[in-house]
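# Chain and residue survey
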Amino acid sequence: MTLQNKVALVTGGGRGIGRAICLVFAAKGADVIAADLDLAAAQGVAGEVEALGRRSLALTMNVADEASVNQAAGEAAAWQGRIDIWVNNAGVGSRAMLHEMSAEQWDKVLSVNLRGAFLGTRAAARIMMPQNSGRIINISSRAGKGGSYGHCSYSSSKAGMIGLTKSTARELGKYNITANAILPGFIPTELTKNLDASITTPEQRVLPRAGRPEDVAYAAAYLASDEAEWVTGIGLEVTGGTGMFAG
Ligand SMILES: NC(=O)c1ccc[n+]([C@@H]2O[C@H](COP(=O)([O-])OP(=O)(O)OC[C@H]3O[C@@H](n4cnc5c(N)ncnc54)[C@H](O)[C@@H]3O)[C@@H](O)[C@H]2O)c1
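Residues numbered from 1 in each chain as written. Predicted model: local features only at pLDDT ≥ 70, side-chain atom pairs only at ≥ 80, totals over all residues.

### Topic: the site of the ligand
Close contacts around the ligand come from 30 residues, with Gly12, Gly16, Gly91, Thr189 and Leu191 the closest. Mapped by element, the contributors of at least two residues to the shell around the ligand are helix H1 (16-27) and helix H4 (103-131). When residues in the shell around the ligand are grouped by element, the largest group, three residues, is from H1. A per-class count over the shell around the ligand returns 14 nonpolar, 12 polar and four charged. (Near = placed C-beta within 6 Å. Helix = DSSP H or I, 4+ residues; strand = E, 2+ residues; numbered from the N terminus. Nonpolar A, V, L, I, M, F, W, Y, C, P; charged D, E, K, R; others polar.)

Spelled out as C-alpha coordinates, the structure:
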(Lines give C-alpha, C1' and ligand atoms only; values in the text may rest on other atoms or scores of the structure.)
Protein backbone atom coordinates (compact mmCIF):
# COMPACT_ATOMS: atom_id res chain seq x y z
CA MET A 1 0.00 0.00 0.00
CA THR A 2 1.45 3.34 -1.02
CA LEU A 3 0.32 6.95 -1.13
CA GLN A 4 3.20 7.91 -3.43
CA ASN A 5 2.66 11.29 -5.10
CA LYS A 6 -0.72 11.86 -3.46
CA VAL A 7 -1.51 15.22 -1.89
CA ALA A 8 -3.36 15.01 1.42
CA LEU A 9 -4.91 17.61 3.71
CA VAL A 10 -5.57 16.79 7.36
CA THR A 11 -7.65 19.11 9.55
CA GLY A 12 -6.60 19.21 13.18
CA GLY A 13 -3.25 17.97 11.89
CA GLY A 14 -1.28 19.73 14.62
CA ARG A 15 -1.37 17.01 17.27
CA GLY A 16 -2.86 13.71 18.40
CA ILE A 17 -4.59 11.55 15.81
CA GLY A 18 -4.30 14.25 13.11
CA ARG A 19 -0.54 14.44 13.57
CA ALA A 20 -0.27 10.64 13.34
CA ILE A 21 -2.29 10.68 10.10
CA CYS A 22 0.05 13.34 8.65
CA LEU A 23 3.15 11.30 9.55
CA VAL A 24 1.81 7.91 8.41
CA PHE A 25 0.64 9.43 5.11
CA ALA A 26 4.10 11.01 4.64
CA ALA A 27 5.83 7.72 5.46
CA LYS A 28 3.72 6.13 2.71
CA GLY A 29 4.82 8.79 0.21
CA ALA A 30 2.20 11.54 0.37
CA ASP A 31 2.82 15.27 0.43
CA VAL A 32 0.86 16.61 3.38
CA ILE A 33 -0.96 19.80 4.33
CA ALA A 34 -1.43 20.08 8.09
CA ALA A 35 -4.33 22.48 8.75
CA ASP A 36 -5.09 23.50 12.32
CA LEU A 37 -6.46 26.27 14.50
CA ASP A 38 -3.02 26.17 16.10
CA LEU A 39 -0.61 27.23 13.32
CA ALA A 40 2.53 26.66 15.40
CA ALA A 41 1.47 23.06 16.03
CA ALA A 42 0.73 22.56 12.32
CA GLN A 43 4.15 24.01 11.46
CA GLY A 44 5.79 21.58 13.86
CA VAL A 45 4.09 18.64 12.14
CA ALA A 46 4.97 20.02 8.70
CA GLY A 47 8.61 19.99 9.82
CA GLU A 48 8.25 16.35 10.86
CA VAL A 49 6.73 15.50 7.45
CA GLU A 50 9.66 17.19 5.69
CA ALA A 51 12.08 15.22 7.85
CA LEU A 52 10.48 12.11 6.30
CA GLY A 53 11.43 13.43 2.85
CA ARG A 54 8.02 14.70 1.73
CA ARG A 55 6.79 18.19 0.93
CA SER A 56 4.55 19.83 3.49
CA LEU A 57 2.48 22.93 4.06
CA ALA A 58 1.11 24.25 7.35
CA LEU A 59 -2.11 26.27 7.22
CA THR A 60 -4.32 28.02 9.73
CA MET A 61 -7.85 26.71 9.50
CA ASN A 62 -10.81 27.06 11.83
CA VAL A 63 -13.06 24.28 10.55
CA ALA A 64 -16.14 25.87 12.12
CA ASP A 65 -15.63 29.09 10.14
CA GLU A 66 -16.80 29.06 6.53
CA ALA A 67 -14.44 31.81 5.32
CA SER A 68 -11.46 30.23 7.06
CA VAL A 69 -12.13 26.79 5.52
CA ASN A 70 -12.60 28.22 2.03
CA GLN A 71 -9.49 30.40 2.31
CA ALA A 72 -7.31 27.51 3.48
CA ALA A 73 -8.80 25.14 0.91
CA GLY A 74 -7.93 27.61 -1.85
CA GLU A 75 -4.34 27.88 -0.66
CA ALA A 76 -4.12 24.12 -0.26
CA ALA A 77 -5.42 23.40 -3.76
CA ALA A 78 -3.06 25.96 -5.29
CA TRP A 79 -0.03 24.44 -3.52
CA GLN A 80 0.37 21.34 -5.76
CA GLY A 81 -2.55 22.00 -8.11
CA ARG A 82 -4.77 19.32 -6.58
CA ILE A 83 -5.85 17.54 -3.40
CA ASP A 84 -6.27 13.77 -3.54
CA ILE A 85 -7.16 13.06 0.08
CA TRP A 86 -9.05 15.25 2.58
CA VAL A 87 -9.32 14.11 6.20
CA ASN A 88 -11.88 15.81 8.45
CA ASN A 89 -10.18 15.10 11.76
CA ALA A 90 -10.42 18.31 13.82
CA GLY A 91 -12.71 17.77 16.77
CA VAL A 92 -13.54 18.90 20.28
CA GLY A 93 -15.49 17.56 23.23
CA SER A 94 -17.45 19.09 26.06
CA ARG A 95 -18.38 17.20 29.15
CA ALA A 96 -21.73 17.70 30.86
CA MET A 97 -24.70 15.58 31.70
CA LEU A 98 -27.57 16.12 29.27
CA HIS A 99 -29.77 17.90 31.83
CA GLU A 100 -26.93 20.29 32.69
CA MET A 101 -25.51 20.93 29.23
CA SER A 102 -25.90 24.51 28.02
CA ALA A 103 -27.03 25.28 24.50
CA GLU A 104 -23.68 27.06 24.02
CA GLN A 105 -21.77 23.88 24.91
CA TRP A 106 -23.93 21.95 22.47
CA ASP A 107 -23.45 24.51 19.68
CA LYS A 108 -19.67 24.68 20.13
CA VAL A 109 -19.20 20.93 19.72
CA LEU A 110 -21.63 20.63 16.83
CA SER A 111 -20.10 23.61 15.06
CA VAL A 112 -16.56 22.19 15.13
CA ASN A 113 -17.28 18.50 14.72
CA LEU A 114 -20.28 18.41 12.38
CA ARG A 115 -20.48 21.83 10.71
CA GLY A 116 -16.66 21.62 10.40
CA ALA A 117 -16.87 18.24 8.67
CA PHE A 118 -19.58 19.58 6.35
CA LEU A 119 -17.57 22.70 5.43
CA GLY A 120 -14.46 20.59 4.88
CA THR A 121 -16.31 18.02 2.80
CA ARG A 122 -17.89 20.73 0.67
CA ALA A 123 -14.53 22.38 0.05
CA ALA A 124 -13.00 19.01 -0.80
CA ALA A 125 -15.87 18.15 -3.15
CA ARG A 126 -15.43 21.40 -5.06
CA ILE A 127 -11.75 20.61 -5.58
CA MET A 128 -12.15 16.87 -6.27
CA MET A 129 -15.18 16.87 -8.60
CA PRO A 130 -13.25 18.55 -11.48
CA GLN A 131 -10.38 16.10 -10.79
CA ASN A 132 -12.85 13.22 -11.15
CA SER A 133 -11.15 11.52 -8.21
CA GLY A 134 -10.62 11.89 -4.50
CA ARG A 135 -10.83 10.45 -1.03
CA ILE A 136 -12.74 12.01 1.86
CA ILE A 137 -12.20 10.48 5.30
CA ASN A 138 -14.16 11.58 8.35
CA ILE A 139 -12.85 10.84 11.82
CA SER A 140 -16.10 10.07 13.59
CA SER A 141 -16.12 7.98 16.78
CA ARG A 142 -17.49 4.80 18.26
CA ALA A 143 -19.46 7.24 20.43
CA GLY A 144 -21.43 8.09 17.30
CA LYS A 145 -22.90 4.58 17.36
CA GLY A 146 -22.91 3.66 21.03
CA GLY A 147 -23.55 7.06 22.61
CA SER A 148 -21.29 8.48 25.28
CA TYR A 149 -22.15 8.98 28.95
CA GLY A 150 -21.80 12.67 29.78
CA HIS A 151 -21.00 13.70 26.21
CA CYS A 152 -24.31 13.91 24.34
CA SER A 153 -23.20 16.78 22.09
CA TYR A 154 -20.05 14.87 21.14
CA SER A 155 -21.79 11.58 20.37
CA SER A 156 -24.52 13.43 18.44
CA SER A 157 -21.95 15.24 16.33
CA LYS A 158 -20.14 11.98 15.62
CA ALA A 159 -23.41 10.24 14.65
CA GLY A 160 -24.08 13.17 12.33
CA MET A 161 -20.70 12.64 10.70
CA ILE A 162 -21.73 9.08 9.81
CA GLY A 163 -24.80 10.40 8.00
CA LEU A 164 -22.72 13.06 6.29
CA THR A 165 -20.26 10.40 5.16
CA LYS A 166 -22.98 8.25 3.62
CA SER A 167 -24.67 11.15 1.82
CA THR A 168 -21.29 12.29 0.52
CA ALA A 169 -20.53 8.78 -0.73
CA ARG A 170 -23.87 8.62 -2.54
CA GLU A 171 -23.55 12.04 -4.18
CA LEU A 172 -19.88 11.92 -5.15
CA GLY A 173 -19.47 8.28 -6.18
CA LYS A 174 -20.02 9.15 -9.83
CA TYR A 175 -16.94 11.37 -9.67
CA ASN A 176 -14.79 8.47 -8.39
CA ILE A 177 -14.68 10.15 -4.99
CA THR A 178 -15.03 7.86 -1.99
CA ALA A 179 -16.22 9.01 1.43
CA ASN A 180 -15.66 6.86 4.48
CA ALA A 181 -15.72 7.30 8.25
CA ILE A 182 -13.42 5.89 10.87
CA LEU A 183 -14.91 5.21 14.29
CA PRO A 184 -12.05 5.06 16.78
CA GLY A 185 -12.44 3.78 20.29
CA PHE A 186 -10.67 5.41 23.21
CA ILE A 187 -7.19 6.70 22.29
CA PRO A 188 -5.08 8.54 24.89
CA THR A 189 -4.51 12.10 23.54
CA GLU A 190 -4.91 15.68 24.78
CA LEU A 191 -8.62 15.39 23.98
CA THR A 192 -9.16 12.46 26.31
CA LYS A 193 -6.62 13.12 29.06
CA ASN A 194 -9.23 14.30 31.58
CA LEU A 195 -11.85 11.66 30.83
CA ASP A 196 -13.20 9.26 33.41
CA ALA A 197 -10.89 6.28 33.96
CA SER A 198 -13.80 3.88 33.46
CA ILE A 199 -13.72 4.68 29.74
CA THR A 200 -10.14 3.45 29.57
CA THR A 201 -10.42 0.20 31.51
CA PRO A 202 -8.79 -2.66 29.62
CA GLU A 203 -11.72 -4.97 30.50
CA GLN A 204 -13.77 -3.13 27.90
CA ARG A 205 -11.30 -4.10 25.18
CA VAL A 206 -10.78 -7.44 23.50
CA LEU A 207 -7.16 -6.64 22.68
CA PRO A 208 -4.82 -6.08 25.63
CA ARG A 209 -2.99 -2.88 24.71
CA ALA A 210 -4.39 0.63 24.64
CA GLY A 211 -5.13 2.32 21.33
CA ARG A 212 -2.61 4.64 19.72
CA PRO A 213 -3.11 7.52 17.27
CA GLU A 214 -1.20 5.44 14.69
CA ASP A 215 -3.90 2.74 14.82
CA VAL A 216 -6.35 5.29 13.42
CA ALA A 217 -3.77 6.62 10.97
CA TYR A 218 -3.16 3.17 9.44
CA ALA A 219 -6.89 2.77 8.86
CA ALA A 220 -6.96 6.20 7.22
CA ALA A 221 -4.00 5.22 5.02
CA TYR A 222 -5.89 2.15 3.83
CA LEU A 223 -9.03 4.16 2.99
CA ALA A 224 -6.84 6.71 1.17
CA SER A 225 -4.98 4.06 -0.85
CA ASP A 226 -5.67 2.87 -4.40
CA GLU A 227 -6.42 -0.54 -2.90
CA ALA A 228 -9.56 0.91 -1.26
CA GLU A 229 -10.99 2.36 -4.49
CA TRP A 230 -14.13 0.17 -4.24
CA VAL A 231 -14.81 0.98 -0.59
CA THR A 232 -17.20 3.84 0.11
CA GLY A 233 -19.84 4.86 2.63
CA ILE A 234 -18.50 2.68 5.43
CA GLY A 235 -17.75 3.32 9.10
CA LEU A 236 -14.56 1.45 9.96
CA GLU A 237 -14.33 0.72 13.67
CA VAL A 238 -10.83 0.90 15.14
CA THR A 239 -11.46 0.09 18.77
CA GLY A 240 -9.37 -2.82 20.00
CA GLY A 241 -12.65 -4.66 20.15
CA THR A 242 -14.62 -2.31 22.44
CA GLY A 243 -17.01 -1.73 19.56
CA MET A 244 -18.25 -5.31 19.98
CA PHE A 245 -19.87 -4.40 23.29
CA ALA A 246 -20.91 -0.75 22.99
CA GLY A 247 -24.20 0.04 21.29
N1 LIG B 1 -8.83 10.40 21.20
C2 LIG B 1 -9.90 9.61 21.13
O3 LIG B 1 -10.15 8.74 22.00
C4 LIG B 1 -10.84 9.72 19.96
C5 LIG B 1 -11.78 8.70 19.80
C6 LIG B 1 -12.68 8.80 18.74
C7 LIG B 1 -12.60 9.87 17.88
N8 LIG B 1 -11.67 10.84 18.07
C9 LIG B 1 -11.67 11.96 17.15
O10 LIG B 1 -10.39 12.08 16.55
C11 LIG B 1 -10.17 13.45 16.21
C12 LIG B 1 -8.82 13.89 16.76
O13 LIG B 1 -8.86 13.73 18.17
P14 LIG B 1 -7.57 13.81 19.10
O15 LIG B 1 -7.81 12.86 20.20
O16 LIG B 1 -6.33 13.72 18.28
O17 LIG B 1 -7.75 15.31 19.68
P18 LIG B 1 -6.68 16.45 20.07
O19 LIG B 1 -7.42 17.39 20.95
O20 LIG B 1 -5.42 15.83 20.57
O21 LIG B 1 -6.34 17.15 18.67
C22 LIG B 1 -7.33 17.89 17.99
C23 LIG B 1 -6.67 18.86 17.04
O24 LIG B 1 -7.72 19.57 16.38
C25 LIG B 1 -7.42 20.96 16.44
N26 LIG B 1 -8.67 21.73 16.40
C27 LIG B 1 -9.58 21.88 17.40
N28 LIG B 1 -10.56 22.69 17.01
C29 LIG B 1 -10.28 23.07 15.73
C30 LIG B 1 -10.92 23.91 14.80
N31 LIG B 1 -12.06 24.57 15.09
N32 LIG B 1 -10.36 24.06 13.58
C33 LIG B 1 -9.21 23.42 13.27
N34 LIG B 1 -8.54 22.64 14.13
C35 LIG B 1 -9.07 22.46 15.35
C36 LIG B 1 -6.64 21.16 17.71
O37 LIG B 1 -5.88 22.37 17.66
C38 LIG B 1 -5.79 19.90 17.75
O39 LIG B 1 -4.58 20.07 17.03
C40 LIG B 1 -11.35 14.23 16.77
O41 LIG B 1 -12.31 14.45 15.77
C42 LIG B 1 -11.90 13.30 17.82
O43 LIG B 1 -13.26 13.52 18.08
C44 LIG B 1 -10.79 10.78 19.10
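### Things to note about the pairing of strand E2 (residues 31-36)
Burial analysis of E2 places six of its six residues in the buried class, the great majority of the element. Across the two faces of E2 the burial is the same, with Asp31, Ile33 and Ala35 and Val32, Ala34 and Asp36 all buried. Judged from the five bridges that link them, strand E1 (residues 7-11) and E2 form a sheet pairing that is parallel. Along E2, the bridge assignment pairs Ala8 with Val32. With five bridges joining them, E2 and strand E3 (residues 56-60) adopt parallel strand pairing. Considered in E3, the bridge of Ile33 is made with Leu57. Regarding the hand of the β-α-β motif, the stretch spanning E2, helix H2 (residues 39-51) and E3 is right-handed. (Buried ≥ 20, exposed ≤ 12 C-beta atoms within 10 Å, placed from the backbone. Pairing = 2+ DSSP bridges. Right-handed = clockwise from strand over helix to strand, strands pointing away.)

### Thoughts on unusual backbone geometry
Backbone geometry at Asn5 places phi at a positive 65°, although glycine is not the residue there. By the element assignment, Asn5 lies in the segment before E1. Residues other than glycine seldom take positive phi values, yet Asn132 does so here, at roughly 60°. Relative to the helices and strands, Asn132 is located in the loop between H4 and strand E5 (134-139). Its 10 C-beta neighbours within 10 Å are what place Asn132 among the exposed residues.

### Comments concerning the packing of helix H3 (residues 66-80) against H4
Interhelical geometry of H3 versus H4 gives an angle of 35° and a closest axis separation of 10 Å. For H3 against H4, the interelement crossing comes out right-handed. Contact residues: Glu66, Val69, Asn70, Ala73 and Ala77 in H3; Leu119, Gly120, Ala123 and Ile127 in H4. Among the residues making up the contact of H3 with H4, the classes are represented as six nonpolar, two polar and one charged. (Axes fitted to C-alpha atoms, helices over the stretch in contact; angles between N-to-C directions. Left-handed = near helix turned anticlockwise from the far one by under 90°. Contact = placed C-beta atoms within 7 Å.)

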